[in-house]
Amino acid sequence: MAATPSPDLTLYDPFARMQLLAPACFLCGAPVDPARDNVPVFAPWLTERYGLADREIRLLDQSTSTFRELTIPCCPRCHQQHVNALESRVEAATAADPAGLRQLDEQTLFLWLGKMFYGIFVGELAREQEPLIKPRYPLAENRTLFSRFRSFFQVLQALRVPMQYDDFVPGSMFILDVELGPDEPDFAYEDDLATMVFSIRLGRVAVIGCLLDNDMLRHVMERVYHDAQARPLHPVQLAEFKARVYYGAYLLSAIPEYFPRPVKPGDDVLVMDTFLDDVTGSVFNPWDNMAYAQTLEELWLPWKIELRTILQNPREPLSYLYDADGQPRTLTAFPA
């Protein structure tokens, strides 16, 4: 009987020579024909189930694309063995009910959100080469952002390289139930490249991930998350929860760094260690109600809730997650 070949435990770093837009597989760096060798950022099962293929997406340069058009270079091997395998697990888990997302392990959820998030990032970089409107703050010139993505990409390679994280989880994953109104679509997603937060909603189940915080945000939001899980949220409450995640991620002052342990003969998994760079005190900068309220106002745009209403009491910004006594609030309809 032939011996089982040892897995490839070598990490690929497209950031070392800035090869993010090269005709190379995004996972392993193998040369590819981008016209033929690519994978959709949003998997075919997802776009077919929710009728997304031709739905438009607005990018940072104000140009539009469609879900179908968003792709990322990928060699046939990584496509079949790794990306398809990941998507098949998520598709199978959610086939009968989106609540099946709760049955997936944290690493699978992290890799699923991370693959879409990274694909959007590379797509935005490509658009900056010939933008419709030049962005005010080009991604390609943001060194801090690239440092974050380089760290993130190391642990994202668990999609290809058998990997264990030693005593840490790369990101904070939140799963919440939502009580949808008759006009709410079955699918929604949002991303913020600066804070590395990605959220997606399949039917009545929403997943929000801060993809580079070593699970610190979920730790500090433990009480809010526990309270939010106790009942289905009204969409305005979900938006408030997202605002807390987005703003909390913005306050994160340290960038996690990851280091693979030396590989020994016979190893079949790569073990990653971590520490936080630039930690001089708290890993979060001080909370500012005005800045948080501005984040909240942006996410509450569908309900036309203005900043002056949110900050009617400057010390206690408006909340629909909690009542005036600080108790979890059940909301079945948005108040007139």
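What you see is a predicted model; the values in this text were computed from it and never measured.

**Notes on the overall build of the protein chain**
Here is step 1 of the chain: For the protein chain, the helix and strand inventory stands at nine helices and eleven strands.
Here is step 2 of the chain: Relative to a compact globule of 336 residues, whose C-alpha radius of gyration would be 20 Å, the protein chain shows 21 Å and is just as compact.
Here is step 3 of the chain: On the principal axes, the C-alpha backbone points of the protein chain span a range of 70 × 45 × 45 Å.
Here is step 4 of the chain: Residues classed as buried in the protein chain amount to 49% of the 336 residues present.
Here is step 5 of the chain: Considering only contacts in the protein chain between residues 6 or more positions apart, those separated by 24 or more positions represent 71%.
Here is step 6 of the chain: Entry remark: accessible area of the protein chain is about 17,200 Å², with carbon and sulfur atoms responsible for 50%.
Here is step 7 of the chain: For the protein chain, the centre of its 30 positive side-chain charges and the centre of its 46 negative side-chain charges are spaced 2 Å apart.

**What about the side chain of Glu240?**
Here is step 1 of the chain: Note on placement: Glu240 falls in helix α7 (residues 235–251).
Here is step 2 of the chain: Since its relative accessible area comes to 0%, Glu240 is described here as buried.
Here is step 3 of the chain: Dropping the residues within four chain positions of it, Glu240 is found in contact with Tyr292, Leu296, Trp300, Ser319, Tyr320 and Leu321.

**As for the packing of aromatic side chains**
Here is step 1 of the chain: For the structure on display, the rule yields 34 aromatic pairs.
Here is step 2 of the chain: Ring plane angle 75° and centroid distance 6.2 Å describe the contact between Tyr12 and Phe153, whose orientation is recorded as edge-to-face. You can see Tyr12 sitting in the segment before β1 (38–40) and its partner Phe153 sitting in helix α4 (residues 143–156), a full 141 residues away along the chain. Of the two residues examined, Tyr12 and Phe153, each falls in the buried class.
Here is step 3 of the chain: Geometrically, the ring pair formed by Trp287 and Tyr292 is tilted, given 4.9 Å between the ring centres and 45° between the ring planes.
Here is step 4 of the chain: We classify Tyr292 as buried; its relative accessible area is 4%.

**Overview of helix α3 (residues 106–129)**
Here is step 1 of the chain: The end-to-end C-alpha separation of α3 is 35 Å, in line with the 34 Å expected for 24 residues at 1.5 Å each.
Here is step 2 of the chain: Counting buried residues along α3, 18 of its 24 residues qualify, which places the element largely inside the surrounding structure.
Here is step 3 of the chain: Structurally, the start of α3 carries an N-cap: the backbone nitrogen of Gln107 is 3.1 Å from a side-chain oxygen of Asp105.

**Details of the sheet that holds strand β9 (residues 205–210)**
Here is step 1 of the chain: Spatially, the four strands line up as an open sheet ordered β6-β9-β8-β7, and their pairing is antiparallel. Strand pairing shows two members of the sheet lacking a second neighbour, β6 (172–177) and β7 (187–192), which therefore form its edges. This sheet shows a mean twist of 10° between the axes of neighbouring strands, independent of strand direction.
Here is step 2 of the chain: Of the strand pairs in this sheet, strand β8 (residues 197–202) and β9 are connected by six bridges, and their pairing is antiparallel. Within β9, the residue paired with Arg201 across the bridge is Ala206.
Here is step 3 of the chain: Its contacts with the sheet place α3 against β6, β7, β8 and β9, and it is angled at close to 110° to β8.

**Some points on the layout of surface pockets**
Here is step 1 of the chain: If you add up the space inside the largest pocket, you get close to 1,700 Å³.
Here is step 2 of the chain: If you trace the largest pocket, you find 45 residues lining it, with Glu190, Asp191, Asp192, Tyr246 and Glu298 closest to the centre.
Here is step 3 of the chain: Listing elements by their share of the lining of the largest pocket, those giving two or more residues are β2 (56–58), α3, α4, β7, α7 and α8 (289–299).
Here is step 4 of the chain: For the lining of the largest pocket, the leading source of residues is α7, giving seven residues.
Here is step 5 of the chain: Classifying every residue of the lining of the largest pocket gives 28 nonpolar, six polar and eleven charged.

**A word on empty space enclosed by the protein**
Here is step 1 of the chain: For the structure shown, the criterion picks out one cavity of 30 Å³ or more.
Here is step 2 of the chain: Contributing to the lining of the largest cavity are Tyr12, Pro14, Gln19, Leu20, Ala24, Cys25, Phe26, Pro73, Tyr118 and Val122.
Here is step 3 of the chain: Classifying every residue of the lining of the largest cavity by side-chain character gives nine nonpolar, one polar and no charged.

**A short note on unusual backbone geometry**
Here is step 1 of the chain: The phi angle at Met196 is positive, at roughly 60°, despite the residue not being glycine.
Here is step 2 of the chain: Position of Met196 relative to the elements: it lies in the loop between β7 and β8.

**Quick look at the confidence of the model for the protein chain**
Here is step 1 of the chain: Residues at a pLDDT of 70 or more form 93% of the protein chain, whose mean pLDDT is 91.
Here is step 2 of the chain: Mean pLDDT values over the elements of the protein chain span from 85, in strand β11 (residues 270–277), up to 98, in β9.

Reading the values: the criteria
Residues numbered from 1 in each chain as written. Predicted model: local features only at pLDDT ≥ 70, side-chain atom pairs only at ≥ 80, totals over all residues. Heavy atoms only, no water. Helix = DSSP H or I, 4+ residues; strand = E, 2+ residues; numbered from the N terminus. Rg over C-alpha atoms; globule rule 2.2 N^0.38 Å. Buried < 20%, exposed > 50% of the residue type's maximum accessible area, 1.4 Å probe, protein only. Contact = heavy atoms within 4.5 Å. Areas by Shrake-Rupley, 256 points an atom, 1.4 Å probe, with all protein chains shown as cover. Lys, Arg positive; Asp, Glu negative; His and termini not counted. Charge placed at Lys NZ, Arg CZ, Asp CG, Glu CD. Phe/Tyr/Trp six-rings, centres within 6.5 Å; stacked < 30°, edge-to-face > 60°. Expected span 1.5 Å × (residues − 1). Polar contact = N/O pair within 3.5 Å; in protein donor to acceptor, adjacent residues only side chain to side chain. Pairing = 2+ DSSP bridges. Axes fitted to C-alpha atoms, helices over the stretch in contact; angles between N-to-C directions. 1 Å grid on protein atoms, 1.4 Å probe; cavity = no way out; pocket = protein on both sides within 12 Å on 5 of 7 lines; lining within 4 Å. Points joined across faces, edges and corners; volume = space filled by probe spheres on them. Nonpolar A, V, L, I, M, F, W, Y, C, P; charged D, E, K, R; others polar. pLDDT = per-residue confidence, 0-100.

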